[in-house]
Amino acid sequence: MRAKDKSFNAEMTTHFDPNLPKVNVSQQDMGRVMLNLFNNAFYAVNQKLKIAGADYIPTVEVTTFTPPLGGGGWGVKVTDNGIGIPENIKDKIMQPFFTTKPTGEGTGLGLSLSYDIVVKGHGGKIDMNSEENEYTEFIITLPAN
(Lines give C-alpha, C1' and ligand atoms only; values in the text may rest on other atoms or scores of the structure.)
Protein backbone atom coordinates (compact mmCIF):
# COMPACT_ATOMS: atom_id res chain seq x y z
CA MET A 1 0.00 0.00 0.00
CA ARG A 2 2.87 2.36 0.79
CA ALA A 3 4.34 1.78 -2.67
CA LYS A 4 1.24 3.52 -4.08
CA ASP A 5 0.75 6.05 -1.29
CA LYS A 6 3.80 7.13 0.72
CA SER A 7 1.62 8.79 3.36
CA PHE A 8 -0.35 5.62 4.14
CA ASN A 9 0.12 4.21 7.63
CA ALA A 10 -1.87 1.67 9.62
CA GLU A 11 -1.55 -0.31 12.83
CA MET A 12 -1.03 -4.04 12.49
CA THR A 13 -1.52 -6.03 15.64
CA THR A 14 -0.86 -9.74 16.06
CA HIS A 15 -2.15 -12.33 18.48
CA PHE A 16 -0.34 -15.61 17.87
CA ASP A 17 -1.35 -18.80 19.66
CA PRO A 18 1.93 -20.35 20.90
CA ASN A 19 0.40 -23.85 20.98
CA LEU A 20 -0.71 -24.28 17.37
CA PRO A 21 -0.30 -27.81 16.05
CA LYS A 22 1.69 -28.40 12.90
CA VAL A 23 -0.35 -28.81 9.72
CA ASN A 24 0.78 -29.85 6.28
CA VAL A 25 0.31 -26.91 3.90
CA SER A 26 1.98 -25.42 0.88
CA GLN A 27 3.85 -22.47 2.37
CA GLN A 28 3.81 -20.57 -0.93
CA ASP A 29 0.08 -21.08 -1.38
CA MET A 30 -0.81 -20.06 2.16
CA GLY A 31 1.57 -17.10 1.89
CA ARG A 32 -0.36 -16.01 -1.21
CA VAL A 33 -3.66 -16.32 0.70
CA MET A 34 -2.34 -14.21 3.58
CA LEU A 35 -0.93 -11.61 1.19
CA ASN A 36 -4.33 -11.34 -0.54
CA LEU A 37 -6.12 -10.91 2.79
CA PHE A 38 -3.59 -8.32 4.00
CA ASN A 39 -3.76 -6.36 0.73
CA ASN A 40 -7.56 -6.27 0.90
CA ALA A 41 -7.53 -5.27 4.58
CA PHE A 42 -5.04 -2.45 4.05
CA TYR A 43 -7.00 -1.27 1.01
CA ALA A 44 -10.21 -1.19 3.10
CA VAL A 45 -8.69 0.80 5.94
CA ASN A 46 -7.05 3.20 3.48
CA GLN A 47 -10.42 3.82 1.80
CA LYS A 48 -12.02 4.52 5.18
CA LEU A 49 -9.13 6.81 6.14
CA LYS A 50 -10.08 9.05 3.21
CA ILE A 51 -13.59 9.65 4.62
CA ALA A 52 -13.26 9.10 8.37
CA GLY A 53 -12.67 11.71 11.02
CA ALA A 54 -9.30 12.59 12.52
CA ASP A 55 -9.78 10.14 15.40
CA TYR A 56 -9.92 7.08 13.08
CA ILE A 57 -6.93 4.72 13.48
CA PRO A 58 -6.65 2.26 10.56
CA THR A 59 -6.04 -1.16 12.09
CA VAL A 60 -5.47 -4.66 10.75
CA GLU A 61 -5.37 -7.50 13.26
CA VAL A 62 -4.08 -11.04 12.73
CA THR A 63 -4.99 -13.80 15.17
CA THR A 64 -4.02 -17.48 15.06
CA PHE A 65 -6.00 -20.07 16.99
CA THR A 66 -6.82 -23.72 17.43
CA PRO A 67 -10.39 -24.34 16.24
CA PRO A 68 -12.88 -25.08 19.05
CA LEU A 69 -14.56 -28.36 19.83
CA GLY A 70 -11.35 -30.38 19.68
CA GLY A 71 -11.43 -30.50 15.91
CA GLY A 72 -7.68 -30.12 15.63
CA GLY A 73 -5.99 -28.18 12.89
CA TRP A 74 -5.50 -24.45 13.12
CA GLY A 75 -7.03 -21.17 12.15
CA VAL A 76 -6.11 -17.61 11.33
CA LYS A 77 -8.33 -14.55 11.41
CA VAL A 78 -7.58 -11.28 9.60
CA THR A 79 -9.73 -8.38 10.80
CA ASP A 80 -9.77 -4.76 9.69
CA ASN A 81 -11.73 -1.70 10.79
CA GLY A 82 -12.15 -0.44 7.24
CA ILE A 83 -15.10 0.17 4.95
CA GLY A 84 -16.67 -3.27 5.31
CA ILE A 85 -18.50 -5.24 2.64
CA PRO A 86 -22.01 -4.22 1.59
CA GLU A 87 -24.66 -6.86 2.28
CA ASN A 88 -25.73 -7.05 -1.37
CA ILE A 89 -22.31 -8.29 -2.58
CA LYS A 90 -21.23 -10.59 0.26
CA ASP A 91 -22.26 -13.68 -1.70
CA LYS A 92 -20.21 -12.58 -4.74
CA ILE A 93 -16.82 -11.70 -3.27
CA MET A 94 -15.31 -15.18 -3.71
CA GLN A 95 -16.35 -15.37 -7.38
CA PRO A 96 -13.61 -15.11 -10.01
CA PHE A 97 -13.21 -11.63 -11.53
CA PHE A 98 -15.58 -9.96 -9.06
CA THR A 99 -14.01 -6.85 -7.57
CA THR A 100 -15.17 -3.77 -5.72
CA LYS A 101 -12.03 -1.88 -6.64
CA PRO A 102 -11.85 0.64 -9.49
CA THR A 103 -10.57 -0.48 -12.89
CA GLY A 104 -6.84 -1.05 -12.77
CA GLU A 105 -6.70 -1.53 -8.99
CA GLY A 106 -7.99 -5.08 -8.68
CA THR A 107 -8.32 -8.18 -10.82
CA GLY A 108 -11.07 -9.88 -8.87
CA LEU A 109 -8.90 -12.96 -8.48
CA GLY A 110 -7.40 -12.55 -4.99
CA LEU A 111 -10.27 -13.93 -2.92
CA SER A 112 -11.24 -16.46 -5.59
CA LEU A 113 -7.71 -17.88 -5.65
CA SER A 114 -7.56 -17.77 -1.86
CA TYR A 115 -10.81 -19.74 -1.68
CA ASP A 116 -9.47 -22.36 -4.10
CA ILE A 117 -6.19 -22.70 -2.19
CA VAL A 118 -7.83 -23.04 1.22
CA VAL A 119 -10.93 -25.07 0.34
CA LYS A 120 -9.99 -27.11 -2.71
CA GLY A 121 -6.25 -27.35 -2.16
CA HIS A 122 -6.09 -27.85 1.62
CA GLY A 123 -9.57 -29.07 2.62
CA GLY A 124 -10.12 -26.01 4.79
CA LYS A 125 -12.77 -23.37 5.13
CA ILE A 126 -13.01 -19.58 4.70
CA ASP A 127 -15.69 -17.65 6.56
CA MET A 128 -16.31 -13.93 6.31
CA ASN A 129 -18.08 -11.52 8.63
CA SER A 130 -18.51 -7.87 7.81
CA GLU A 131 -20.56 -4.83 8.63
CA GLU A 132 -20.50 -1.98 6.15
CA ASN A 133 -18.47 1.03 7.37
CA GLU A 134 -17.37 -0.91 10.47
CA TYR A 135 -15.18 -3.98 9.89
CA THR A 136 -14.43 -7.11 7.89
CA GLU A 137 -12.95 -10.36 9.14
CA PHE A 138 -11.88 -13.41 7.22
CA ILE A 139 -11.50 -16.62 9.19
CA ILE A 140 -9.53 -19.49 7.70
CA THR A 141 -9.54 -22.92 9.33
CA LEU A 142 -7.48 -25.87 8.17
CA PRO A 143 -7.94 -29.45 9.33
CA ALA A 144 -5.34 -31.44 11.24
CA ASN A 145 -3.17 -33.74 9.18
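For the structure, check the block above.
My aim in this report is to walk through the structure given alongside it, one point at a time. This is a predicted model, so every value here is computed, not measured.

1. Topic: the overall build of the protein chain
Then, number 1: Tallying secondary structure elements over the protein chain gives two helices and five strands in all.
Then, number 2: Along the protein chain, helices and strands appear, N-terminal first, in the series β-α-β-β-α-β-β.
Then, number 3: Within the span of the protein chain, comprising 145 residues, buried residues form 37% of the whole.
Then, number 4: Restricting to contacts in the protein chain with at least 6 residues of sequence separation, those with at least 24 account for 64%.
Then, number 5: Of the accessible surface of the protein chain, which amounts to about 8,700 Å², a share of 52% is contributed by carbon and sulfur atoms.

2. Description of the pairing of strand β5 (residues 135-142)
Then, number 1: Summarising burial for β5: seven of the eight residues are buried, a large majority.
Then, number 2: Bridging between strand β3 (residues 74-80) and β5 involves seven bridges; their strand directions are antiparallel. Each bridged residue has a counterpart across the sheet, and for G75 the counterpart in β5 is T141.
Then, number 3: The hairpin turn running from strand β4 (residues 125-131) into β5, its antiparallel successor, is three residues long, and N133 in that turn takes a positive phi close to 65°.

3. Here we look at the pattern of salt bridges
Then, number 1: Counted under the stated rule, the structure contains five salt bridges.
Then, number 2: Its salt-bridge partner being E87, residue K90 comes within 3.0 Å of it at the nearest N-O pair.
Then, number 3: The class of E87 is exposed, set by a relative accessible area of 62%.

4. Regarding the side chain of D80
Then, number 1: Tracing the backbone shows D80 in strand β3.
Then, number 2: For the buried D80, no salt bridge exists, and the shortest N-O distance to an oppositely charged side chain is 7.7 Å, to K48.
Then, number 3: In terms of polar contacts, D80 uses its side chain to reach the backbone amide nitrogen of G82, at 2.8 Å.
Then, number 4: If sequence neighbours within four positions are ignored, D80 has contacts with A41, A44, V45, T59, V60, E134, Y135 and T136.

5. Description of the nonpolar core
Then, number 1: Of all hydrophobic cores here, the largest spans 26 residues; its most connected members are M30, L37, V78, V118, F138 and I140.
Then, number 2: Residue contributions to this core peak at eight residues, all from helix α1 (residues 27-51).
Then, number 3: The contacts of L37, once residues within four sequence positions are left out, are V78, L111, F138 and I140.

6. Some points on the pairing of β4
Then, number 1: Where β4 and β5 come together, seven bridges link them in antiparallel fashion. Residue pairing in the sheet places D127 in a bridge with I139 of β5.

7. A word on the packing of α1 against helix α2 (residues 110-122)
Then, number 1: Here α1 crosses α2 at 145°, and the two axes come no closer than 9 Å. For the crossing formed where α1 meets α2, the hand is left-handed. Between α1 and α2, the residues in contact are D29, M30, R32, V33, N36, L37 and N40 and G110, L111, S114, I117, V118 and H122, respectively.
Then, number 2: A breakdown of the residues in the contact of α1 with α2 according to their chemical character gives six nonpolar, five polar and two charged.

Calculation criteria
- Residues numbered from 1 in each chain as written.
- Predicted model: local features only at pLDDT ≥ 70, side-chain atom pairs only at ≥ 80, totals over all residues.
- Heavy atoms only, no water.
- Helix = DSSP H or I, 4+ residues; strand = E, 2+ residues; numbered from the N terminus.
- Buried < 20%, exposed > 50% of the residue type's maximum accessible area, 1.4 Å probe, protein only.
- Contact = heavy atoms within 4.5 Å.
- Areas by Shrake-Rupley, 256 points an atom, 1.4 Å probe, with all protein chains shown as cover.
- Pairing = 2+ DSSP bridges.
- Salt bridge = Lys/Arg side-chain N within 4 Å of Asp/Glu carboxyl O.
- Lys, Arg positive; Asp, Glu negative; His and termini not counted.
- Polar contact = N/O pair within 3.5 Å; in protein donor to acceptor, adjacent residues only side chain to side chain.
- Core = buried A, V, L, I, M, F, W, Y, C linked by side-chain atoms within 4.5 Å.
- Axes fitted to C-alpha atoms, helices over the stretch in contact; angles between N-to-C directions.
- Left-handed = near helix turned anticlockwise from the far one by under 90°.
- Nonpolar A, V, L, I, M, F, W, Y, C, P; charged D, E, K, R; others polar.

Geometric values such as these leave the question of function open.
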